[in-house]
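Descriptive analysis of the structure
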Amino acid sequence: MKTLLDNGPFDDNGRSSCDDTDDFFEGLEDLRKYLSRLTNRLSFRQARLAVGVAIALGMFFAFIQIRADLADERERIASVGEQALVPVLGSMSRAAYRLDDVAADELAMGILKEPSILTVRIADDFGGTLAELSKPRPNENSSIFGFLISNAPIISTLELVVQPENLHVGQVEVVVDPVVAARSFFRRTTLILASGFANSLALTFALTLLFYWTVTRRIEQMAARFRTTSVGTQSEPDGDELDALDQTICDWRAQREVANLEIAAAAERMRLAAQSAQLGIWEWDLRDNSLLWDEGMFALYGADPATFGNSFDAWTLFLHPDDQEIAFEMLKEAVDGTGRINRNFRIVRADGEIATLRGVAKTVCDASGHRIKMIGVSINVSEEERLRAELETMQRVESLGALSAGVAHDFNNVLAVIMGNLELAAQEARMEDAKDYISTALHACLQGKGLTMQLLAFGKKSQLTPQPTDANVIMQKLLPMLSRTIPATIEIKQSLAQDLPAIRVDRALFEATILNLVINARDAMEDGGEILFATSQIVIDATMMDPQMGRLPPGRYVRIVVEDTGPGIPPELLPRVFEPFFSTKKFGAGHGMGLSMVRGFAEQSGGIARIDPETGLGTSVELYFPALGADISAGNDPDTQTAPALVDRKTILVVEDNPNVRRMTVLQLKHLGHATIEAGNASEALSVLSSGAIVDLVLTDAVMPGEPQGVELARQLSECADAPPVIVMSGYDGSIALGNSFEPIGFDFLLKPLSICELKAALARAFM
């Protein structure tokens, strides 16, 4: 036999007695927890309550039953002695009559056999005792119900009479123990109580099962269904089933409140996003033609929800007449075919404004595959459409501008040859008629030059000569000339602001712009009217909502207004007024380049041109130019400047790729008394300069084949201290090479065709 000394404190499995003890106590702890959970269950608590109530009710009814039986028992106990004597009363009477004490003892002994009778005494009529027997009172007569019966013995006495003589012969007396007599009552009472308790337990068990099956089990199932943790597993309730259900309902309410807040926040975000995107959500039921709109849809259409018919027919009333067929085809195609919509269409809002919407939707089918409704959104893309149309217009204008710049370049080269030869011919002509012809041809050349200037201004390719300018001075200077141009039926008015800041513009083109606007205003008022010149200073900030104003960076601007009282421009024509070659005048009355040139000049000068028309009230054209600082003042008027000084004979290097233009330029220089050296491109010019030839000035074209270009040649020479001065000329007006920068470029720039006077002035400036 193994002892603890064999393996120490460990068994065959390596477990110690301490481990067994720990397992035992852990088992007890688990049992305690289980009993604690069990006693906390609703059904167990209800069972305890049912047991208590049942026992109380059983005891109550048992007490009533015992009390009723007790009264009868007391009467029975009181008659126990008499009932015991009745069977032997005749025998006792005869024994007393004969004074037979032996018979009396036998009769008394028989009566004492009754457990409840303690003493029997038989006496004769003479006062003598025939028999008196007694037995001791038992000590075990105590009972838990003894308090119900009095412990005092009961004495019963009966008279002995001999019949039929009815002779009194003595009396018999018995003493009865009431506790012993009541033993049957006590046993019956105990049985009643035990039976009632057992019935109560059985009823309690049955009611508990019924209550658990019909109520508690359903509560547990209901609570368990909702009583889940964040990972979806059931958690044990802290209380009973009702507490768990109450806790579950409270948690559910809290979660619902949080969910409602999240839903409300999401709905508000959706509403704000839809409002910001100008988006509306709709649903069209194909079965009954009903239409449901959200708040955004009513905002897009400007419709009143109270008066909107919520039907497809009500929606069709908002469609633009020109887009109704497109919209119907779009819907029919979606319903019958693709099941989707993604197209633009126009509507007429309730306030009369035309808006462009994009419809994006898809159809929804039932279980059988039939399309039953369509759900989608409508997005206001009016601004995008306007920007797209404007971009397309700008692209067309840009393309046309590039084309016009190329045409102007080639045309300027042609004009340079024609104009130069005409000027030289005019110097040599001796007949007055020939001079008149040459003068007319020169005038036509100048008109052609003006047309190319307009083409370049329209394409924003003209090289400006900006300088600080007082707009008020220019306007006042133009008044005398305009008075001769404008009919007497048109009155010119002025509203010029005081202390107007200077602006940086090309003065010649600025005057041409104002003159162009005045001519347009004159042509718009055939029956007379008024033309108003107005200047003012305005501050533009980020709050300006006008899309045209939004192009300008915030800051101070000078606004110049030319306003007439003519019929105005119809709204449908307004988007096209700045397009090239578009004109509202009669055929042959205008070429449609005026406003295009105005817009190109304004934008090239860092500003904008906009029109504020009012049909029937006239047209107001507004020009905005950046205002210069107070420390910058307007320069002298070009008309007041002195004539250029004469230049002594110089050697001039002429760099021009077009041989006709180069030859014409050489002839003009020779006419002015200068020597010339010719070069076909910039590389040849650099070779001439590096050969050591004496060159006093370089006159080069801006754009030529090969590298470097004429402008790059001019910049290289301008950076050399011992290099001759440079004059750049171009039929492109130089902006392609020079850009629109207002910074000094280090050399003079001339636009072809060049007159002899312009060339003479440029030489004078170069040798100042």
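Structure report, in brief. (Residues numbered from 1 in each chain as written. Predicted model: local features only at pLDDT ≥ 70, side-chain atom pairs only at ≥ 80, totals over all residues. Heavy atoms only, no water.)

1. Side note on empty space enclosed by the protein
Here is the rule: Grid spacing is 1 Å over the protein atoms alone, the probe is 1.4 Å, and a cavity is where that probe fits but cannot get out, while a pocket is an open set with protein on both sides within 12 Å along at least five of seven lines and lining residues have an atom within 4 Å of a point. Grid points are joined across faces, edges and corners, and a volume is the space filled by probe spheres set on the points. Secondary structure elements follow DSSP: runs of H or I of four or more residues count as helices, runs of E of two or more count as strands, with numbering from the N terminus. We call Asp, Glu, Lys and Arg charged. Ala, Val, Leu, Ile, Met, Phe, Trp, Tyr, Cys and Pro are nonpolar, and the rest, Gly among them, are polar.
Using the criterion set out here, one finds three cavities of 30 Å³ or more in the structure. The computed volume of the largest cavity comes to approximately 160 Å³. Going through the elements one at a time, strand 5 (279-285), strand 6 (291-293), helix 10 (295-301), helix 11 (312-316), helix 12 (324-338) and strand 7 (340-348) are the ones with two or more residues in the lining of the largest cavity. Taken as a whole, the second largest cavity encloses approximately 60 Å³ of empty space. A416, V661, M664, T665, Q668, M729, K752 and L754 together form the lining of the second largest cavity. Top element by residues in the lining of the second largest cavity is helix 18 (residues 659-671). It accounts for four residues. Residues of the lining of the second largest cavity, tallied by class, amount to five nonpolar, two polar and one charged.

2. Description of the nonpolar core
The line we're drawing: Buried residues of nine kinds, namely Ala, Val, Leu, Ile, Met, Phe, Trp, Tyr and Cys, make up a nonpolar core once their side-chain atoms join them within 4.5 Å. Accessibility here uses a 1.4 Å probe with only protein chains present; expressed as a share of the type maximum, an area under 20% marks a residue as buried, one over 50% as exposed, and anything in between as partly exposed. We call two residues contacting when some pair of their heavy atoms lies within 4.5 Å.
Residues F510, I514, I531, F533, I560 and F625 are the most contacted members of the largest nonpolar core, which totals 35 residues. Every element with two or more residues in this core is listed here: helix 15 (471-485), strand 12 (503-506), helix 16 (507-524), strand 13 (529-540), strand 14 (555-564), helix 17 (594-604), strand 15 (608-614) and strand 16 (618-626). Discounting chain neighbours no more than four positions away, the residues touching I531 are I486, I490, E491, I492, K493, V518, A521, R522, M525, V562 and E563. Of all hydrophobic cores here, the second largest spans 30 residues; its members include V120, V176, A181 and F186.

3. Focus on the packing of aromatic side chains
For clarity, the threshold we go by: Here a Phe, Tyr or Trp ring, Trp counted by its six-membered ring, pairs with any other such ring whose centre lies within 6.5 Å, and the pair is stacked when the planes are under 30 degrees apart, edge-to-face when over 60, and tilted otherwise.
Counted under the stated rule, the structure contains 13 aromatic pairs. With a centroid separation of 4.7 Å and an interplanar angle of 15°, the aromatic rings of W284 and F312 are classed as stacked. Of this pair, W284 sits in strand 5 while F312 sits in helix 11, and the two are 28 residues apart along the sequence. We note that W284, like F312, is buried. Three or more aromatic residues joined by ring pairs form one cluster here, namely W284, F312, W315, F328 and F345.

4. Examining unusual backbone geometry
Cis peptide bonds are those with omega within 30 degrees of zero, and the linkage from E707 to P708 qualifies with -5°. Inspection of the secondary structure puts P708 in the loop between strand 19 (697-701) and helix 20 (710-718). In this structure, N289 is a non-glycine residue whose phi angle is positive, near 65°. Its location among the elements puts N289 in the loop between strand 5 and strand 6. Of note in the backbone geometry, D499 takes a positive phi value of approximately 55° without being a glycine.

5. Section: the environment of D294
Under the convention used in this document: Two N or O atoms count as a polar contact when they lie within 3.5 Å, although within protein this holds only if one can serve as hydrogen donor and the other as acceptor, and sequence-adjacent residues are included solely when both atoms are side-chain atoms.
Assignment of secondary structure puts D294 in the loop between strand 6 and helix 10. Owing to a relative accessible area of 26%, D294 belongs among the partly exposed residues under this scheme. In sequence terms D294 and I281 are 13 residues apart; their C-alpha atoms lie 5.7 Å from each other. Excluding residues that lie within four positions of it along the chain, D294 makes contacts with G280 and I281. Reaching out from D294, the side chain makes a polar contact with the backbone nitrogen of G296 at a distance of 3.2 Å.

6. Concerning the packing of helix 5 (residues 89-98) against helix 6 (residues 101-112)
So the rule is basically this: Each axis is a line fitted through C-alpha atoms, and for a helix only the stretch in contact is used; angles between axes span 0 to 180 degrees, taken between their N-to-C directions. Roughly parallel covers angles under 35 degrees, roughly antiparallel covers those over 145, roughly perpendicular covers 65 to 115, and oblique covers all other angles. The sense of a crossing depends on the near helix, which, turned anticlockwise from the far helix by less than a right angle, makes the crossing left-handed and, turned clockwise, makes it right-handed.
Closest axis-to-axis distance for the helix 5/helix 6 pair is 9 Å, and the angle between their directions is 155°. With respect to their mutual orientation, helix 5 and helix 6 come out roughly antiparallel. Judged by the sense of rotation from one axis to the other, the crossing of helix 5 with helix 6 is left-handed. Where helix 5 approaches helix 6, its residues S91, M92 and A95 are matched on the opposing element by A103, A104, L107 and I111. In terms of residue class, the contact of helix 5 with helix 6 is made up of six nonpolar, one polar and no charged.

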